[in-house]
Amino acid sequence: AQKITQTQPGMFVQEKEAVTLDCTYDTSDPSYGLFWYKQPSSGEMIFLIYQGSYDQQNATEGRYSLNFQKARKSANLVISASQLGDSAMYFCAMREGRPLNRDDKIIFGKGTRLHILP
Amino acid sequence: EAGVVQSPRYKIIEKKQPVAFWCNPISGHNTLYWYLQNLGQGPELLIRYENEEAVDDSQLPKDRFSAERLKGVDSTLKIQPAELGDSAVYLCASSLGGYTGELFFGEGSRLTVL
């Protein structure tokens, strides 16, 4: 079974509109972390935002926010006021297991390719 | 602060040839990862080091892949012999560890096996 599911292989969004990228996860660990990364065509993975499973509030970083719905095991990324430079692949990732131990794993989804239209 | 450095950026070899990739993590990052990324897919973990110890190499195809992290700093990933299906991007990442320790990635090494 997929640990991280990103159901949108590709999305087209008009510039300046908000966009939501979906991510659902599967874990039985009570403690885990969720990440979003951006990968432009240049190839480098860029960290965007982090949400801990015990965090009470949704994480925000500038134009990025994470809509964390724990009961639904959902961690959607919201980008407000999209820009042409937001065109890239976006990956959701989950960290589970005890940090620094053998069962500490970070697993990535298959990604969503976002295209921002002028 | 210097980021994660990988080399070479690009490598083209013929099948059955050996190849090696090098990674220098961010200073002070004890955790180092090697990921494999196929075109249009997410990264898949090959091996994770805590200092010089390989604590998770369960996904590393040990018949042809090997890795080392001497002295707990730089790391080398080797493939011998390479097969056509090994064509991919090999990403190195490092982190401070812990739940909030995000991964910092290098630019990757793109391998093409002919």
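Look up a bit, the structure's there.
In this report, the structure presented in the accompanying data block is examined.

Cut-off values and rules
- Residues numbered from 1 in each chain as written.
- Chains lettered and ligands numbered in written order.
- Predicted model: local features only at pLDDT ≥ 70, side-chain atom pairs only at ≥ 80, totals over all residues.
- Heavy atoms only, no water.
- Helix = DSSP H or I, 4+ residues; strand = E, 2+ residues; numbered from the N terminus.
- Rg over C-alpha atoms; globule rule 2.2 N^0.38 Å.
- Contact = heavy atoms within 4.5 Å.
- Buried area = accessible area lost by both parts, 1.4 Å probe.
- Salt bridge = Lys/Arg side-chain N within 4 Å of Asp/Glu carboxyl O.
- Polar contact = N/O pair within 3.5 Å; in protein donor to acceptor, adjacent residues only side chain to side chain.
- Disulfide = S-S within 2.5 Å.
- Buried < 20%, exposed > 50% of the residue type's maximum accessible area, 1.4 Å probe, protein only.
- Pairing = 2+ DSSP bridges.
- Axes fitted to C-alpha atoms, helices over the stretch in contact; angles between N-to-C directions.

Overview of the overall build of chain A
If you tally the helices and strands in chain A, you get 0 helices and 12 strands. For chain A, the sequential pattern of α-helices and β-strands runs β-β-β-β-β-β-β-β-β-β-β-β. Relative to a compact globule of 118 residues, whose C-alpha radius of gyration would be 13 Å, chain A shows 14 Å and is just as compact. Structurally, chain A occupies a C-alpha span of about 45 × 30 × 25 Å along its principal axes. Look at the contacts in chain A between residues 6 or more apart in sequence, and 53% of them connect residues 24 or more apart.

Quick word on the interface of chain A and chain B
With 28 residues of chain A at the interface, the matching set in chain B holds 28 residues. With both chains or domains summed, chain A and chain B bury close to 2,100 Å², and 50% of this area falls on carbon and sulfur atoms. At the junction of chain A and chain B, the tally comes to 1 salt bridge. The partner of Lys105 of chain A in a salt bridge is Asp56 of chain B, with the nearest N and O atoms 2.5 Å apart. Viewed at the interface, chain B and chain A are joined by 6 residue pairs in polar contact (both at pLDDT 80 or more).

A few points about the state of the cysteines
If you walk through the whole model with that rule in mind, you get 2 disulfides over all chains. Linked covalently through their sulfurs, Cys23 of chain A and Cys92 of chain A form a disulfide whose S-S length is 2.0 Å. Disulfide Cys23 of chain A to Cys92 of chain A: torsion about the S-S bond roughly -65°, handedness left-handed. Of this pair, Cys23 of chain A sits in the loop between strand E3 (19-21) and strand E4 (24-25) while Cys92 of chain A sits in strand E10 (residues 88-96), and the two are 69 residues apart along the sequence. Relative accessible area serves as the criterion here: at 1%, Cys23 of chain A is assigned to the buried category. Disulfide pairing places Cys23 of chain B opposite Cys92 of chain B at an S-S distance of 1.9 Å. Here the S-S torsion is close to -70°, and the disulfide linking Cys23 of chain B with Cys92 of chain B is therefore left-handed. Remark: Cys92 of chain B occurs in strand E9 (residues 88-95) and Cys23 of chain B occurs in strand E3 (residues 19-24); sequence separation between them is 69 residues. Of the two residues examined, Cys23 of chain B and Cys92 of chain B, each falls in the buried class.

Here's the deal with the sheet that holds strand E7 (residues 65-68) of chain B
All names here are of chain B. Read from one edge to the other, the open sheet built from 4 strands follows the order E1-E3-E8-E7, with strand pairing classed as antiparallel. What marks the edges here is a single partner per strand, and that holds for strand E1 (5-7) and E7. The average undirected angle you get between the axes of adjacent strands in this sheet is 15°. In terms of strand pairing, E7 meets strand E8 (residues 75-79) through 4 bridges, oriented antiparallel. Its bridge partner lying in E8, Phe65 is registered against Ile79.

Regarding the pattern of salt bridges
If you walk through the whole model with that rule in mind, you get 9 salt bridges over all chains. If you follow the salt bridges from partner to partner, you end up with Arg64, Glu83 and Asp86 of chain B in one network.

Concerning the pairing of strand E6 (residues 53-56) of chain B
Residues and elements named next belong to chain B. Across 3 bridges, the pairing between strand E5 (residues 44-50) and E6 is antiparallel. Note that in E6 the partner of Arg48 across the bridge is Asp56. Two successive antiparallel strands, E5 and E6, enclose a turn made up of 2 residues, where Asn51 displays a positive phi of approximately 55°.

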